[in-house]
Amino acid sequence: MASSDLREKMRKKRRALQETLGRVREDADTQVLVATDWEMSKDGERTAVQEPSGSEEQQVATLKQTLKAQRMKRRKKLVEDTPAETPPEAATGASEVERGPRAGESRTPVAAASSSRRSPRDLPPLPASSTLTLSEGPMKRRMVEKLKAARSKAESLLQQEALAEPASRLQGLRDRDPLTRFDTEADLGVRRRDDGAAPLVGRVTFREVAHRGWRRAEVDSGLPTAEEAYNFFTFNFDPEPLEEAAEQKKERRFVEDRGVEEEEEEGGGGGEEEAQVEDGGEGESGSEEEDKEEDAEGRSEGAPLVEDQQGELFIDETAQDFLEVKKAEYLGYHSRVQRESEVLFTPSLRTVPTSCKVPENMQPRYLEEEGLYVGERPPVSLANQNILENRILQQDEAKKWFGDDGRVLALTDPIKQSSTRPPLFNLEEDLDPALQTVYRKALKTRHASRYVAGLGETAGRCQLDVDVSGLIFSHHPLFSREHVLGVRLVQLYDQHLNRQHRNITGLLTDKLHGLRNAVRNITDLHGDRGLNVVMRQRIAEYRLEVRNTRRLRDVEQEKDRTLLKSTLKVWKEMKALREFQRFTNTAYKLHLRKQEVNQSRDEQDFEEEIQMELVELQGELEEEYQRKISQYRQQLEEWKAWRKKQKVSSKKKKKKKKKKEPNEGDKDDEDEDEQEEKDLGSEPPKPEPPERQELSLLEQQVREKAARIRRKPGEPILVPEVTLSGNITPNEQCPRGEFARREDVARRSLFVKVLYNDKEVSRTDRRPLGADFRVHFGQIFNLKIANWPESVRLQVFEASGSSSALLAEVFVPLPESTVLTGSAPPQELEFSSSQRVTFNHEGVGSDVPFSFEADGSNKLTLLTSGKLSCCVSWAVGENDIPLAPPTSQTPGGIHGALRQTDAIACIGASGLSDMKRLSKWAAESRLDPNDPSNVVLMQLLTVASSGEVQVPDYFRLEQLQEEFNFVTDEELQKSRRFRLLTLRSQEVVEFRNYKNVPAVEREVSEKVFQDYEKRLRDGEVVDTKEHLDPHRAVVAKYLKKIRESVMNRFLIAKHHFLLSDLVQEDEVPSIGVLGLNIFKLAEPKRPLKPRRKERKKVTAQNLADGNIKLLVNIIRAYDIPVRKPHPSKPAVASKSARSFTEAFVAAQSSQSALHGNDWPLNQVQVRPFVEVTFQRSVRQTTTADGPNPCWNEELELPFSAPNGDYSTSSLQSVKDEVFINIFDEMTFDITEDDRERGSTVHTRIEKHWLGSVKIPFSTIYLQSRIDGTFKVQSPPVLLGYSKERSLAGEGGYDSVLSLSEGSFVTLFITIQPQLIPGESVREKMKEMKFDSQEDERLLHAAEAFQRDAALRFPGRPCLTTVIDISGKAVFITRYVRPLSPPQELLDAFPNSPQEATELVARYVSLIPSLPDSVSFTSICDLWSTSDQFLALLAGDEEEHAVLLCCYFLAMGKKAWLIIGTAIPEGPTAYVLTYEQGRYLIWDPGRGQYYGQYDTFCPLQSVGCLINADNVWFNTQVYDAPMRMGFDVSRSKLWKPFFSRAFPNPGLSSVQPEELVYRRVDKVAAAELQDRIEKVLKEKIMEWRPRHPTRWNRYCTSTLRHFLPKLEQSRGRDVGDEHRLELQSMLGDYRISGFPLNVPFSELQPIVEAVYSTGVHNVEVSNVEFALAVYVHPYASNVLSVWVYLASLVRTR
Amino acid sequence: YAMATNNPSVFLVMINGQIEGANFPEYDDLYCKYCFVYGNDWAPTSGLEEGISQIACRGQGTQPALVWNFPLEITFKSTNPFGWPQIAVSVYGPDTFGNDVVRGYGAVHVPLTPGKHVRTVPMFVPESTSRLQKFTSWLMGRRPEFTDPKVVAQGEGREVTRVRSQGTVTISFNIVTKDMKKLGYDATPSEALSAAEARTPSLAHPL
């Protein structure tokens, strides 16, 4: 194939060459040179050129010069002239293949001789090439002639021009015409020549080159273009073809035949031409190297300098010659179109004639017309189809795309017209219960994971061949009686055949003879005398053997005999049956072949045998007798001895009995006697002497036996033969019952299912059940297996009509891997079925008793049974590789040994793993180590026993992991640096954003881990010191754990980004917003009342320290306490008896009566200023005057995030609080010298704390701004100050303020720049579905409810489900349930329910508050139930509210949970109660209540109300409590969750039925009190490092007595009495101080609170301090801590 | 070791170079912002971490490139190659209505090997989430932007974004490293190594 192809190519090539040469005649200018070269080289003597080759340097140099010039020109020419050759050769790698031989043809000898001169681009010679040209026909000869003619002509022309060869040869070149004809010719040639490997590429490049030629022709202006110049410099400068040719010639002369030479040259010439052109084409990239190469060549010839010079000269010359500046080229439109038309192909839209698409001389064939089904093609528009066809036709092998009908080959339309899926109606409701989907947990199949090991490469290569050849029934319900007998007959006959085949009887007989002979031989040889012990022993052994063998033989013989007999019997029965029923069902026939025997010989044998046996038996009997005799003697001796003994003992006994009768106490002896008696009592029978058996009797026995089991002498040997030659009675002649049976049989068919690993993999065809009850399947199933074979099962099914029933199941043993298809023997597997089948026709049925006898006796019960013949084996693949799983492959030689070391092989090498056993076995079985078949095994054993290779007894998952470990794991774990990096990447708190992990191990100090390790240790140990209270410590630990688990749960969410996190995109403005914006245009630029504008939000990512500032705008304050002059009168009225009504009725208390007279008009009442503390930075406002000051100042506080981490999550977890403290600035004149009073002012400024507002940073961050009026948390008693307002009744405005007591401050706090709060995290949490135990329907409804609410009132909080502490979603109403408060709270005020209510509220408020947002970084609200809340003693507003609400419900109040927003907490929960026709709003965190119309109620908006039964969402226009109604029954105002449409399913509560309270522990409280006091005192001294701190004990004790009273009155004004009391005691002191009340959680907050008051800052030298602490315990360890702090300055 | 802990061993990477220019075929009057993004173990010791270039207009001719030639000069010290610095570049320019909109984000690692490197960074911008969004953002001149230009130097969270590519920015780097090899990080390219080896004998035996 290849050679003919090549020949064809050669021919074409030659044709092209011929034409070229032909053209040479016309314009000799160009082609001459080539021809000349050849000519010169061919003749080898004509010109002077080749003479000096290698002799004289000078000559070489000049020669080279000229040659180079020539060559260059020629190359240039070639590039231009023969562009047709260039592209396929130079540009496509595919064509190199064919270039090889042609180029090599001429080069082969050259290459061999002068490899140094070969250009590196020359292809290596191909040895096969020379053979190609050998067989050329007459065509060749003709061409040779033509060539000769052309050459001679060219030669003459050359000689004319040889001397006048111009230096600027290029000029001539440019004048040349483009060789279009040649192009097209070559094009064709190329096209045909190309094998289609890369036809397109070749053509395209060709066109480009062709084009280049044209272009040049068009723009020819006499000078080289830039392109030409470039080409000139970059083209390849090949080694001189002249010399090459010459050498070629020389070489060839030696090597090759003369006749072939010319031919080769032609071919070679063509090839060379091409090769050089190629080089030119490729040289564009690699010309520099080529040049160098050439230089090197030159140097190697020994004239380096000259060569170099030449090169330089040459370049200089050309640079001047070929550089030119000229105008840009412009191509006309037409020419460009023309040009493009060459390159581009626009497929036409017209239909292609069919003739183009079918092979020539063929008519299109339409399959459809021939009646074949063709199918419908997918619809394609005709235009597109035409385009495609036109395009395809452009390609070389276009035809193969078209079918016989001349259309593009296409598959039929795969889309079915009708949907195959049955429509499902009523998807949502009323689904047929049978169709309801039921959720089942996914079950893993047992074999799913058990893939065949080592399948990586051999995937799918395991194949199990299951050959089901057929089955035979040994019983079938449709058997007739005759069949039963027939089968029995056949079975017996089979048995007989089997026995005959094995011929056990014969074997045993032979053995017996052998043994007898041996015995006889021994005895004959030695005689009885000369027998030594060994011989005797051996004879005894032989005899034993003989006896055994004889017995065995007898048994076998008997079996043979009975088998024969029973066969005959069955046959007789069968014959009888056939006669009886008068038809035959089976073709069985028994023939008995008789073999006549020699009567006398037979008799002789028989007799001999009997005699032999007799002799042996005699011997045995004799032996036996001897044995018995000896035994008898022994026994007799024993008996005698016994008798003697007995006589003696009986005498003794008699004596003893006489002696012992009097004293009965001695019982032991008695017992002994009895024992003895017993022993003696078992009298051994007197042994009988054995009798000799009569010989005659023995003989009789032997003969009887022989007659029974042996053929009688002279009786012919009977050989039974069962054939199927009998005739079966045709159906018509059968009685009805039989007919019905046969009909039934004909209806039945059988098939076998093949189950692999309990999965049906295939089944055989159905085969009818033949009349002989044999079924032949003969099917082989090839199972390509991926799973490990567990079981192969065959199920036999019987089918009658369309129904089929499982008859039996057969487990096929899995083959060993050595059991291969082809060599495996078929197995016969028996099966049976216990199915009971009865028929009313002749069929005997199954499991049904029937009888052959007429009287019905001797009943038989047969079960369906049979034999399945099948074969399971491993397939053999190509190359005889068994397709068995690799594990069980036998280890093969070195391969096997390798597998030991190879980790991969260890995975499944179960066959090899038990090496010990293998070697043990090898040792035991004494394998021949020299046996070549054992080589493998021995090698394996040596490897195993040498211990070098050990089979690992473990399984490795990543076998190659170890190879890639550069250090061991232990070492890696030890590395501190690695540990640091790991911890950082795990974002462990201490190491998050850890900077500059040291580069080397030794620079990582152990100190780095100290904190972390300490924390880890502390996690285990409860630090009681830190917490003062062991219970709280446990709680803190527990909380931490919860927090950690929650953090882990949400870690994923943290790394989950939303689009809004990454991309900032403006919302699409709705029409409303657009309208509003337009409206805004009309707004005044500077409105009178400016509003705060929304600022651009900044995400926390690109922030750094110092970028964020907290802006606190302090606007004004109301009702600041005013100073009281020292000698004040006791206040008369106490407000302790306040009632609910006061809270919401604008009841002016009778305060005004108190004031007015105390104050001189001109005296400043108070000079308050505000100090803001945040993160240790302090800013303060200017001082204002009066109790209602107005500052309107903006304070800027820097903010820095923990660890410099400004991510959202980090910011959310900032625990810092903003303290806004209000102080009174007091100045004291301390000018000591009165004379200076006029000129100097010397005052001391003291600031007295009046109250504070605390706002957590997290609140500010989450709300992005805090704007409002806040109640100042001020102590119940402020020494030296009066809270009563002195300016009451000033105006109408104040009357509103007076609704509530206390001072207020108006603030605006925000963060600059505005940070995007962590809402996104919450949003994400919403997306994340929490698992819930709620009903799905309820959850859906809740979701819908919330969605609807969010849609209608986007700002209003609406809660339906909340997340409990275990992270599960729980419906919110489950939290509300009446729970009774501690009994002592109720008992405290048995008569005043109001008091009790307030006390309960206070109790709740005393449970420390710990916002979830801080502990759980605001990821979500976790709602704990009230018992959990009380156990943890920490929770946020929700827990407080829930508990309070539950208490109120238990106290018989109407109470609801309010979900709303408040200041400053943000979204929160309050409690609403309905009392005396009015609504009260309770702040559970502070234990305070407000009327609905209270201006200073911190609750700003109400989202929904919740009680145990329902959730109501606020659908009113307003959500401020003041402007809305709380009547939930009005559906206009409130939208209930559970309605008539969706009633409450009766949700049970998650709350416990009853709260269990721990008893009040007063001792612990007292202890705690002492500890707190001690710590605080230490702290205060610590805060005053430069001053001595003196404690006024007297005052302290007074204060301490006072504190319990404060607790009793729950912080209400008892101040006046108290102050009086104090005053009287400490008249000389100016006291300022106050009690602080905090719920107890930890010590730190108390210390902080004390510090923030700044009492310790008094720096007067004679100041004294008083500190008293009181801890009041409530039930369940709820503690109220009072700290009374006072500074005393002696005034005198 | 006391000394070692006081002066932790670091290696230095000095980056000189420039943001040479950009190729945004359709846009003009663009300026670019750059910033370096680096890991925790890296710290700039000198130079500018961020910068904004001048606005460059396209040349009169048909040359499509914008030229900034905006110099980069920064030196990092580090203890760990993890978090090798990247330069994140964002290009802005006016749209048809004169609004300043983003024209492209892109990031590339600072080359690891010493020597001169030229990197062409493909640029892209986030896509609007909807067609209406796209229209309004076009109309109002507020196209979607990354909240942080450094996002493009990170992998996390990118899956939620959809971007459209437009244009390229060419940056040339001259990298000098110090003490890398001392700490066991051999980042010298193999050619440079072999060239250096080849040069050494010739120096030893001058002509």
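Residues numbered from 1 in each chain as written. Chains lettered and ligands numbered in written order. Predicted model: local features only at pLDDT ≥ 70, side-chain atom pairs only at ≥ 80, totals over all residues. Heavy atoms only, no water.

An unreviewed UniProt entry lists chain B under the name B9 domain-containing protein 1, from Scleropages formosus.

K.L.:
In this structure, what is going on with the packing of aromatic side chains? I would like to understand it.
P.N.:
Both the distance between ring centres and the angle between the ring planes are used here to describe each pair of aromatic rings. One pass over the full model with this rule turns up 43 aromatic pairs over all chains. Ring plane angle 40° and centroid distance 6.4 Å describe the contact between Phe24 of chain B and Tyr27 of chain B, whose orientation is recorded as tilted. Neither residue differs from the other here; Phe24 of chain B and Tyr27 of chain B are each classed as buried. Seen from their ring centres, Phe36 of chain B and Phe76 of chain B are 5.6 Å apart, and the 75° between their planes marks the pair as edge-to-face. With Phe36 of chain B in strand β2 (residues 31–37) and Phe76 of chain B in strand β5 (residues 65–78), this pair connects stretches of sequence that are 40 residues apart. Summarising the burial analysis for this pair, Phe36 of chain B and Phe76 of chain B share the class buried. Taken together, the ring pairs in this structure connect Phe11, Tyr34, Phe36, Tyr38, Trp42, Phe70, Phe76, Trp84 and Tyr185 of chain B into an aromatic cluster. The cationic tip of Arg1523 of chain A hangs over the ring face of Tyr1518 of chain A; the distance from NZ or CZ to the ring centre is 3.8 Å. Note that Lys1577 of chain A overlies the ring of Trp1591 of chain A, its terminal NZ or CZ placed 5.3 Å from the centroid. (Phe/Tyr/Trp six-rings, centres within 6.5 Å; stacked < 30°, edge-to-face > 60°. Buried < 20%, exposed > 50% of the residue type's maximum accessible area, 1.4 Å probe, protein only. Helix = DSSP H or I, 4+ residues; strand = E, 2+ residues; numbered from the N terminus. Lys NZ or Arg CZ within 6 Å of the ring centre and 35° of its normal.)

K.L.:
Even after reading the chapter, I still don't get the pattern of salt bridges, so can you show me in this structure?
P.N.:
Between side chains of opposite charge, a pair can form when the charged atoms approach closely. All names here are of chain A. Going through the model one piece at a time under the given rule, you end up with 48 salt bridges over all chains. The partner of Arg550 in a salt bridge is Glu620, with the nearest N and O atoms 3.4 Å apart. In this pair, Arg550 sits in helix α21 (residues 533–581) while Glu620 sits in helix α22 (residues 599–660), placing the two residues 70 residues apart along the sequence. For Lys1247, the salt bridge identified is with Glu1171, shortest N-O distance 2.6 Å. (Salt bridge = Lys/Arg side-chain N within 4 Å of Asp/Glu carboxyl O.)

K.L.:
Explain a positive patch on the surface here, please?
P.N.:
Positive charge collects at one region of the surface, where Lys640, Arg643, Lys644, Lys647 and Lys651 of chain A lie side by side. A relative accessible area of 59% means that Lys651 of chain A is categorised as exposed. (Patch = residues over 30% accessible without salt bridge, like charges linked within 9 Å, V, L, I, M, F, W, Y side chains within 5 Å. Areas by Shrake-Rupley, 256 points an atom, 1.4 Å probe, with all protein chains shown as cover. Lys, Arg positive; Asp, Glu negative; His and termini not counted. Charge placed at Lys NZ, Arg CZ, Asp CG, Glu CD.)

K.L.:
Any chance you could explain the packing of α21 of chain A against helix α24 (residues 695–709) of chain A here in plain terms?
P.N.:
Between two packed helices, both the angle of their axes relative to each other and the distance between the axes serve to describe the pair. Residue and element names in this part refer to chain A. In the contact formed by α21 and α24, the axes pass within 8 Å of each other and the chain directions differ by 45°. Classified by the interaxial angle, the pair formed by α21 and α24 is oblique. Contact with α21, carried on its side by Asp554, Gln557, Glu558, Arg561 and Lys565, involves Lys705, Arg708 and Ile709 of α24 and no other residues of that element. Looking at side-chain class alone, the contact of α21 with α24 contains one nonpolar, one polar and six charged residues. (Axes fitted to C-alpha atoms, helices over the stretch in contact; angles between N-to-C directions. Parallel < 35°, antiparallel > 145°, perpendicular 65-115°, else oblique. Contact = heavy atoms within 4.5 Å. Nonpolar A, V, L, I, M, F, W, Y, C, P; charged D, E, K, R; others polar.)

K.L.:
Help me understand the confidence of the model for chain B in this model?
P.N.:
Detailed reading of the predicted coordinates is not advisable wherever pLDDT is low. Residue and element names in this part refer to chain B. The pLDDT averaged across chain B works out to 84; a share of 87% of its residues lies at or above 70. Contacts of residues 1–5 to residues separated by more than four positions or lying in other chains number four contacts, the stretch itself having pLDDT below 50. Low pLDDT, under 50, characterises residues 200–207; the stretch is placed with zero contacts to residues that sit more than four places away or in other chains. Taken over the whole predicted complex, pTM reads 0.45, whereas the ipTM for its chain interfaces reads 0.82. (pLDDT = per-residue confidence, 0-100.)

K.L.:
What is the right way to look at the pairing of strand β35 (residues 1511–1514) of chain A in this model?
P.N.:
Regular strands place side chains that alternate from one sheet face to the opposite one. Residue and element names in this part refer to chain A. Where burial is concerned, the two faces of β35 agree: the one with Val1511 and Phe1513 and the one with Trp1512 and Asn1514 are both buried. Judged from the three bridges that link them, strand β34 (residues 1499–1506) and β35 form a sheet pairing that is antiparallel. Each residue of the ladder has a partner; that of Leu1505, found in β35, is Trp1512. Where β34 folds back onto β35 in an antiparallel hairpin, the turn is made up of four residues. Here three bridges tie β35 to strand β36 (residues 1534–1536), and the two strands are oriented antiparallel to one another. The partner of Asn1514 across the bridge, within β36, is Trp1534. (Pairing = 2+ DSSP bridges.)

K.L.:
Where do I start with helix α49 (residues 1437–1450) of chain A in this structure?
P.N.:
Think of an α-helix as 3.6 residues a turn; residues three or four steps apart then line up on the same face. Residues and elements named next belong to chain A. The terminal C-alpha atoms of α49 lie 20 Å apart, and with 14 residues this matches the ideal 20 Å at 1.5 Å per residue to within 8%. Across the 14 residues that make up α49, a large majority, 12, are buried. Those residues of α49 not exposed but buried are Glu1437, Glu1438, Glu1439, His1440, Ala1441, Val1442, Leu1443, Leu1444, Cys1445, Cys1446, Tyr1447 and Phe1448. One or two steps after α49, the chain reaches Gly1452, where phi turns positive at roughly 85°. (Expected span 1.5 Å × (residues − 1).)

K.L.:
Teacher, can you tell me more about the environment of Asp772 of chain A here?
P.N.:
Residue and element names in this part refer to chain A. Inspection of the secondary structure assignment puts Asp772 in the loop between β6 (767–768) and β7 (774–785). Its relative accessible area of 44% is what places Asp772 among the partly exposed residues. It is 9.7 Å that separates the C-alpha atoms of Asp772 and Val745, two residues lying 27 residues apart in sequence.

K.L.:
Which parts of the structure should I look at to understand the confidence of the model for chain A?
P.N.:
Residues and elements named next belong to chain A. When pLDDT is averaged along chain A, the result is 70; 62% of the residues meet or exceed 70. Here residues 216–220 is modelled with pLDDT under 50, and outside its nearest four sequence neighbours on either side it reaches eight contacts, counting other chains as well. Below pLDDT 50 for its whole length, residues 254–315 participates in 125 contacts with residues either more than four positions away or in separate chains.

K.L.:
Teacher, can you tell me more about the sheet that holds strand β13 (residues 864–874) of chain A here?
P.N.:
By definition, the strands of a sheet pair up through backbone hydrogen bonds, in either a parallel or an antiparallel sense. Residues and elements named next belong to chain A. Spatially, β7-β1-β13-β10 is the arrangement adopted by the four strands of the open sheet, whose pairing is antiparallel. Each having just a single partner strand, β7 and β10 (827–833) make up the two edges of the open sheet. Ignoring which end each strand starts from, the neighbouring axes of this sheet average 25° apart. Bridging between strand β1 (residues 462–475) and β13 involves 10 bridges; their strand directions are antiparallel. Bridge assignment links Leu464 to a residue of β13, and that residue is Trp874.

K.L.:
Would you mind showing me how to read the interface of chain A and chain B here?
P.N.:
When the parts of a complex come together, some accessible area is lost, and that lost area is often taken as the interface size. Residue-level contacts link 30 residues of chain A with 34 residues of chain B. For the pair chain A and chain B, the two sides together bury roughly 2800 Å², of which 52% comes from carbon and sulfur. We note a salt bridge from Asp41 of chain B to Arg984 of chain A, for which the minimum N-O separation is 2.7 Å. When contributions to the side of chain A that touches chain B are tallied by element, the ones reaching two or more residues are α33 (976–985), α37 (1059–1062) and β14 (1063–1064) of chain A. If one sorts the elements of the side of chain A that touches chain B by residue count, α37 of chain A sits on top with four residues. Residue composition of the side of chain A that touches chain B, grouped by class: 13 nonpolar, eight polar and nine charged. (Buried area = accessible area lost by both parts, 1.4 Å probe.)

K.L.:
Looking at this model, I keep getting lost on the side chain of Gln166 of chain B. Mind explaining?
P.N.:
Residue and element names in this part refer to chain B. Checked against the element boundaries, Gln166 lands in strand β10 (residues 163–178). Here the side chain of Gln166 touches Tyr27 through a polar contact of 3.2 Å, side chain to side chain. Looking at Gln166, its side chain comes within polar contact range of the main-chain oxygen of Arg103, at 2.8 Å. Ignoring any residue separated from it by four or fewer positions in sequence, one finds Gln166 in contact with Phe24, Tyr27, Val102, Arg103, Met123, Phe124 and Val125. (Polar contact = N/O pair within 3.5 Å; in protein donor to acceptor, adjacent residues only side chain to side chain.)

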